[in-house]
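# Survey of secondary and tertiary structure
Each chain is listed here by its residues.
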Amino acid sequence: MMDPSLLIGMMGAALAAVLLYTFIGFIPGTDETSVLLPITLALVLTGVDAMIVVTFFIAAIVTLNLTNTMPTALVGLPGGVMSSAMIEHTLLIKSHGKSAEIIKKMATASMLGVLIAIPVSLGLAHILSPFAQVIEPYGAWLFVIGAVFLSLISRHKVLSLLSIVPLAMLFESLRHLYWGTGVVPEDTQITVSFFLGITIGPLIFKLFSLLNQNERLKQYQDAPKTISIPKASDNKEIVSPLQILSFDEMRHLSYGALIVNILFVLSPVGLTILVGETIGKRFTSPLKRSTMSVVSMSATVQATYLSGIIIPLLALGIPLSPVAIGPGAALFNAPPVYTPDYNIHHILSFTQLTVAIIVGAAIALVISYVLITKYARTITRVILSRVPHEAVLALFIAFIVLLAFIDAGFINIFGVLLIGLLTGGLHKMGVNYGVMFMSLYAAPLLIEILIGGVF
Amino acid sequence: MMNYKPLIEIWGDSVNPKSLVKAIIAAVIFTLGAHLLAPSENETMGLFFGLAGAVISFAVASFFIKPKRNVEERDEQ
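Not measured: the values here are computed from a predicted model.

Cut-offs and rules
- Residues numbered from 1 in each chain as written.
- Chains lettered and ligands numbered in written order.
- Predicted model: local features only at pLDDT ≥ 70, side-chain atom pairs only at ≥ 80, totals over all residues.
- Heavy atoms only, no water.
- Helix = DSSP H or I, 4+ residues; strand = E, 2+ residues; numbered from the N terminus.
- Buried < 20%, exposed > 50% of the residue type's maximum accessible area, 1.4 Å probe, protein only.
- Contact = heavy atoms within 4.5 Å.
- Lys, Arg positive; Asp, Glu negative; His and termini not counted.
- Charge placed at Lys NZ, Arg CZ, Asp CG, Glu CD.
- Pairing = 2+ DSSP bridges.
- Axes fitted to C-alpha atoms, helices over the stretch in contact; angles between N-to-C directions.
- Phe/Tyr/Trp six-rings, centres within 6.5 Å; stacked < 30°, edge-to-face > 60°.
- Expected span 1.5 Å × (residues − 1).
- Bend = angle between axes of the 7 residues up to and from the residue.
- Core = buried A, V, L, I, M, F, W, Y, C linked by side-chain atoms within 4.5 Å.
- Buried area = accessible area lost by both parts, 1.4 Å probe.
- Salt bridge = Lys/Arg side-chain N within 4 Å of Asp/Glu carboxyl O.
- Polar contact = N/O pair within 3.5 Å; in protein donor to acceptor, adjacent residues only side chain to side chain.
- Nonpolar A, V, L, I, M, F, W, Y, C, P; charged D, E, K, R; others polar.
- Parallel < 35°, antiparallel > 145°, perpendicular 65-115°, else oblique.
- Left-handed = near helix turned anticlockwise from the far one by under 90°.

### Structural notes on the overall build of chain A
Along the backbone of chain A there are 20 helices and two strands. Once the C-alpha set of chain A is aligned to its principal axes, its extents read approximately 65 × 65 × 40 Å. Here chain A, with 455 residues, has 59% of them falling under the buried criterion. In chain A, the proportion of contacts linking residues at least 24 apart, taken out of those at least 6 apart, comes to 80%. Chain A carries 23 positive and 21 negative side-chain charges, and their two centres are separated by 17 Å.

### Brief notes about the sheet that holds strand 1 (residues 7-10) of chain B
Strand order in the open sheet made by the three strands is 1(A)-1(B)-2(B), with antiparallel pairing throughout. Each end of this open sheet is capped by a strand with a single partner; those strands are strand 1 (220-221) of chain A together with strand 2 (13-15) of chain B. Contacts between helix 19 (residues 389-429) of chain A and the sheet are confined to strand 1 and strand 2 of chain B, with strand 2 of chain B contributing the most and set at about 90 degrees to the helix.

### Structural notes on the packing of aromatic side chains
All names here are of chain A. Going through the model one piece at a time under the given rule, you end up with seven aromatic pairs over all chains. Between Tyr-21 and Phe-56, the aromatic rings sit 6.3 Å apart at their centres with planes inclined by 70 degrees, giving edge-to-face as the arrangement. You can see Tyr-21 sitting in helix 1 (residues 4-26) and its partner Phe-56 sitting in helix 3 (residues 50-67), a full 35 residues away along the chain. The pair Tyr-21 / Phe-56 is uniform in exposure class, with both members buried. An aromatic cluster is present here, built from Phe-195, Tyr-433 and Phe-437 joined pairwise through their rings.

### Quick word on helix 19 of chain A
Residues and elements named next belong to chain A. Taking 1.5 Å of rise per residue, 41 residues should cover 60 Å, yet helix 19 covers just 25 Å from first to last C-alpha, more than 12% shy of that figure. The largest bend in helix 19 comes to about 135 degrees, at Ala-408. One or two residues past the end of helix 19 sits Gly-430, with phi positive at roughly 130 degrees.

### Focus: the nonpolar core
Grouped burial of nonpolar side chains is what soluble globular proteins tend to show. Counting 180 residues, the largest nonpolar core has A:Tyr21, A:Ile58, A:Ile309 and A:Ile344 as the members making the most contacts within it. Once residues lying within four places of it in the same chain are set aside, the contact partners of A:Ile58 are A:Leu306, A:Ile309, A:Ile310, A:Ile357, A:Gly360 and A:Ala361.

### Quick look at helix 2 (residues 43-64) of chain B
With 22 residues, helix 2 of chain B extends 32 Å from end C-alpha to end C-alpha; this agrees with the ideal 32 Å at 1.5 Å per step. Listing the buried residues of helix 2 of chain B in full gives B:Thr44, B:Gly46, B:Leu47, B:Gly50, B:Leu51, B:Gly53, B:Ala54, B:Ser57, B:Phe58, B:Ala61 and B:Ser62. Against the buried residues of helix 2 of chain B lie helix 1, helix 2 (32-45), helix 18 (350-386) and helix 19 of chain A together with helix 1 (17-37) of chain B.

### A look at unusual backbone geometry
It is generally the case that most residues other than glycine have a negative phi and that most peptide bonds are trans. Cis geometry is adopted by the peptide bond preceding A:Pro336, which originates at A:Pro335 and carries an omega value of 5 degrees. The topology assignment puts A:Pro336 in the loop between helix 16 (322-325) and helix 17 (344-347).

### Things to note about the interface of chain B and chain A
The interface is formed by 48 residues belonging to chain B together with 63 residues belonging to chain A. Buried surface at the junction of chain B and chain A, both sides included, amounts to about 4900 Å², of which 69% is carbon and sulfur. As a salt-bridge pair, A:Glu390 and B:Lys68 come within 2.8 Å of each other at their nearest N and O atoms. Run the count over chain B and chain A and you get ten residue pairs in polar contact (both at pLDDT 80 or more). Only strand 1, strand 2, helix 1, helix 2 and strand 3 (69-74) of chain B provide two or more residues apiece to the side of chain B that touches chain A. Classifying every residue of the side of chain B that touches chain A gives 25 nonpolar, eleven polar and twelve charged. As paired elements, strand 2 (residues 225-230) of chain A and strand 3 of chain B share six bridges and run parallel to each other.

### Topic: the pattern of salt bridges
Residue and element names in this part refer to chain A. Across all of its chains, the model carries six salt bridges over all chains by this definition. The salt bridge partner of Glu-172 is Arg-175, with a shortest N-O separation of 2.7 Å. Placement of the pair is Glu-172 and Arg-175 together in helix 9 (residues 157-181), with a separation of three residues, close to one helical turn. Here Glu-172 matches Arg-175 in class, with each residue buried. Across the pair Lys-218 and Glu-215 runs a salt bridge whose closest N-O atoms are separated by 3.5 Å. Here the residue Lys-218 and the residue Glu-215 both occupy positions in helix 11 (residues 213-219), the gap between them amounting to three residues, near one helical turn.

### Quick notes on the packing of helix 13 (residues 247-262) of chain A against helix 14 (residues 268-280) of chain A
Residue and element names in this part refer to chain A. Remark: helix 13 packs on helix 14, axes separated minimally by 10 Å, with the N-to-C direction vectors making an angle of 150 degrees. Comparing their axes, helix 14 and helix 13 come out roughly antiparallel. Relative to helix 14, helix 13 is oriented so that their crossing is right-handed. Facing helix 13, whose interface residues are His-252, Gly-256, Ile-259 and Val-260, helix 14 presents Leu-271, Val-275 and Ile-279. Residues of the contact of helix 13 with helix 14, tallied by class, amount to five nonpolar, two polar and no charged.

Rendered as structure tokens:
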């Protein structure tokens with residue numbers, strides 16, 4: 001029987017996650033990893049029960065993935081990285097004057113995506129868990145294979161493959177520098193701040209290039225963007241999801257949400273684009289094609305995130321998916337509370353994890369679905385007219401500076417800057433985040449291989 | 001009307017470079033300042049103070065800097 005105070009703690013955590021990430025989700029351009037990781041890490045380090053951490057995280061991703069799509073659909077500014085994939089379609093739908101309608105469809109699709117993904121990924125985790133003992137000793141190798149694999153399926157294969165070893169050398173040389181100078185003890189493996197350095201890389205690269213005056217002069221704009229919010233009033237009554245989506249839409253989004261569960265090791269953005277375009281292509285009318293695409297993408301986004309965290313967490317205990325390595329990293333490795341050998345996977349049973357996941361998702365779905373169908377337009381208007389983009393960018397920089405400082409002191413702020421400049425440059429050339437994150441995790445083994453210490 | 005110029009687009013939205021530099025400096029000072037104020041023996045408090053500092057700087061920047069967007073409401077046809 002469950003301790004009632006634990007259940008109340010879990011519900012409180014879910015509620016806090018919903019409120020916080022509803023706000024963050026509506027702010028355009030808030031990168032998922034940068035807003036999920038530091039706050040989850042803070043929660044983990046307080047030492048609260050692991051079930052509370054899981055509930056919080058699941059509620060956070062469900063809410064964030066749902067609310068991120070709202071500014072995307074309403075005003076054409078992507079709420080986060082995942083929804084930037086939808087922007088072209090939502091702009092087309094908006095030009096047809098259907099944005100009030102599409103946000104309801106997207107919210108409903110998102111909800112169905114969660115309802116499909118949770119049981120499927122729990123089932124997959126159950127099937128995969130016997131293999132965990134077999135896989136575990138080779139964990140480090142999986143990251144090397146993962147980096148190569150993600151390079152091979154990316155659009156710029158040779159570029160990505162050639163970036164892996166230089167990136168590994170960058171990360172390991174910084175670690176050895178800190179060990180050598182005694183900045184951190186030799187058993188400390190710095191990961192979190194390096195990780196965020198990659199995430200924020202494109203922003204740092206852009207800001208640095210703007211310090212060149214010639215570059216800056218080229219980019220000046222004449223006028224601020226004009227953003228129009230549809231005037232149609234928010235619908236005050238809540239209608240059943242079945243009245244919002246057509247049978248055809250439900251069928252297609254279900255395919256999308258189902259198939260991505262099996263592909264949990266792949267990049268969520270990549271998968272979402274793939275599903276959206278594949279399904280969209282089947283329709284000839286532009287409006288119908290875009291509607292189908294964003295509806296299936298809304299469901300797919302939830303499914304990629306949920307399977308990407310649930311399967312590695314329940315079955316493996318090692319962060320073997322872009323979601324687990326990225327936004328969910330604190331669930332697997334947050335010293336001194338969790339380490340790769342002793343984390344939430346080892347602490348909680350399958351049943352406990354299942355309960356925490358369901359409580360988090362259920363609370364997030366109910367509250368954010370109601371909030372969105374009722375107030376999406378109002379929240380968008382208030383945030384767009386009150387929150388300056390400067391403050392959002394500055395907040396990201398502050399997060400990364402803080403985590404860099406905590407990880408390895410003042411010097412690491414420049415270490416992370418170095419990582420940001422390099423990975424930001426590579427990102428601009430076409431290397432995707434997945435390859436870079438995998439390289440970070442594969443770095444120690446790669447260097448050992450290179451110096452001949454493995455064979 | 002306030003003169004926003006010059007404007008530059010970064011990450012899909014317009015910013016004024018001077019305001020951005022001010023916002024970044026303020027955010028870093030608030031965040032690291034708050035972090036250093038935390039009781040030093042406790043790692044968790046350090047992270048919390050820092051995050052709180054970041055949130056405060058965000059609120060302050062939002063108060064002083066005007067968003068560079070013309071928001072208008074329009075009827076859908």
